[in-house]
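# Secondary and tertiary structure notes
Here are the chains, one letter per residue:
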Amino acid sequence: MGRKEQIIEALGLYPIWVSKNRANANSICADTSEIGNKSRPKIDLENDHNLIEQDILNCKSCVLHRERDKVVVGEGVFGADWFIVGEAPGAEEDSRGKPFVGAAGKLLDAMLQAISVDRKKNAYISNIVKCRPPKNRNPSKEECLECRPYLDRQLDLVAPKIILAMGRIASNSILDIDQTIMNLRGEIYDYKNIPVIVTYHPAYLLRSPMEKAKAWVDLCFATEVLADKKNS
Ligand code: SF4
């Protein structure tokens, strides 16, 4: 059994999904480890990211600034192929200032690893709102709208080839719609000509492990969409 199969088995992400279109029928999802954005110097991207970070650190545009410990800007690679977006920081993210840490973050990292995606190599990870909602409540529509310009700036900066929206709030917010995840899964949506794929939030998968197989199908679908985009 290969490394990817071992990861998939350990996560309970069965059945293994095999691309219908892939020439090598034994391959498990596409290898999407290539790093994108080769057009702008890294120093420019870092400077722009620092500007966004400063604006977010100073932001008091919505009530969420009142009880935050740290703002959670986002982390990853500028020019990455993948942009992963969740809804809001939780308690551990709030105390560490990093997105997707703790148990949900570990599950996300493991699932991404199974499709050769890594926040240190070829992904950027952030949230719709950058400050933790008190008691982990859902961010309101108004709070999502208030924070949205930061996400748009991050997306412009990273210029990903695909966006993976995790959970109902992140998906609805980025697509500006109001739908359930069940209704949204399995389709390709558009954000400024970047394909958006919807899946479950890893925190939900920890509570509902039976849904991991569906999330795995979504991730494999996303790798297929990315591969098609690169080939087009
Ligand atoms: S959640 Fe966003 S808009 Fe609200 S205070 Fe934090 S950074 Fe500003």
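Note: the structure precedes this text.
Now for a description of the structure that goes with this document. All values derive from a computational prediction rather than experimental measurement.

## With respect to the sheet that holds strand β1 (residues 75–76)
By way of backbone hydrogen bonds, the strands of a sheet pair with one another, either parallel or antiparallel. One open sheet accounts for 6 strands, arranged β1-β3-β2-β4-β6-β5; its pairing is mixed. The sheet is open, and its two edges are formed by β1 and β5 (189–191), each paired on a single side. Bridge count for β1 against strand β3 (residues 123–127) is 2 bridges, and the pairing is antiparallel. Counterpart to Gly76 in the pairing with β3 is Tyr124. Strand contacts of helix α6 (residues 168–175): β2 (82–86), β4 (162–166), β5 and β6 (194–199), with the helix running at about 135 degrees to β4, the strand carrying the most contacts.

## Topic: the site of the ligand
Cys59, Cys62, His65, Cys131 and Cys147 are the nearest of the 14 residues found near the ligand. Tallying contributions element by element places helix α5 (residues 141–158) first for the shell around the ligand, with 3 residues. Split by residue class, the shell around the ligand holds 8 nonpolar, 2 polar and 4 charged.

## Some remarks on the packing of helix α2 (residues 42–57) against α5
Where α2 contacts α5, the axes come no closer than 10 Å and their chain directions differ by 170 degrees. When the interaxial angle is binned, α2 and α5 end up roughly antiparallel. Contact residues: Leu45, Asp48, His49, Ile52 and Ile56 in α2; Tyr150, Arg153, Gln154 and Leu157 in α5. Tallied by class, residues from the contact of α2 with α5 come to 5 nonpolar, 2 polar and 2 charged.

## A few points about α2
In a regular helix each residue adds 1.5 Å, so 16 residues correspond to 22 Å; α2 covers 22 Å between its end C-alpha atoms and thus fits that length. In terms of residue burial, α2 counts as a barely covered element, since only 1 of its 16 residues are buried.

## Digging into the nonpolar core
Of all hydrophobic cores here, the largest spans 56 residues; its most connected members are Val85, Ala123, Ile128, Leu164 and Ala165. Here the element with the most residues in this core is helix α9 (residues 212–231); it accounts for 7 residues. Setting aside its immediate chain neighbours within four residues, Ala165 contacts Val85, Ala170, Ser171, Ile174, Val196 and Val198.

## Examining unusual backbone geometry
Backbone geometry places Ala159, a non-glycine residue, at a positive phi of 50 degrees. Along the chain, the position of Ala159 falls in the loop between α5 and β4. On the basis of neighbour counts, which here come to 19 C-beta atoms within 10 Å, the residue Ala159 falls in the partly exposed class. Phi is positive for Asp176, close to 55 degrees, though the residue is something other than glycine. As for its position among the elements, Asp176 is in the loop between α6 and α7 (181–184).

## Side note on the pairing of β4
Taking burial as the measure, the 5 residues of β4 include 5 buried ones, the bulk of the element. Where burial is concerned, the two faces of β4 agree: the one with Ile162, Leu164 and Met166 and the one with Ile163 and Ala165 are both buried. Taken together, the 4 bridges between β2 and β4 define a ladder with parallel strand orientation. Opposite Ile84, over in β4, you have Leu164 as the bridge partner.

So, how was this worked out
Residues numbered from 1 in each chain as written. Predicted model: local features only at pLDDT ≥ 70, side-chain atom pairs only at ≥ 80, totals over all residues. Pairing = 2+ DSSP bridges. Helix = DSSP H or I, 4+ residues; strand = E, 2+ residues; numbered from the N terminus. Contact = placed C-beta atoms within 7 Å. Axes fitted to C-alpha atoms, helices over the stretch in contact; angles between N-to-C directions. Near = placed C-beta within 6 Å. Nonpolar A, V, L, I, M, F, W, Y, C, P; charged D, E, K, R; others polar. Parallel < 35°, antiparallel > 145°, perpendicular 65-115°, else oblique. Expected span 1.5 Å × (residues − 1). Buried ≥ 20, exposed ≤ 12 C-beta atoms within 10 Å, placed from the backbone. Core = buried A, V, L, I, M, F, W, Y, C linked by C-beta atoms within 7 Å.

Read these as spatial facts, not as claims about activity.
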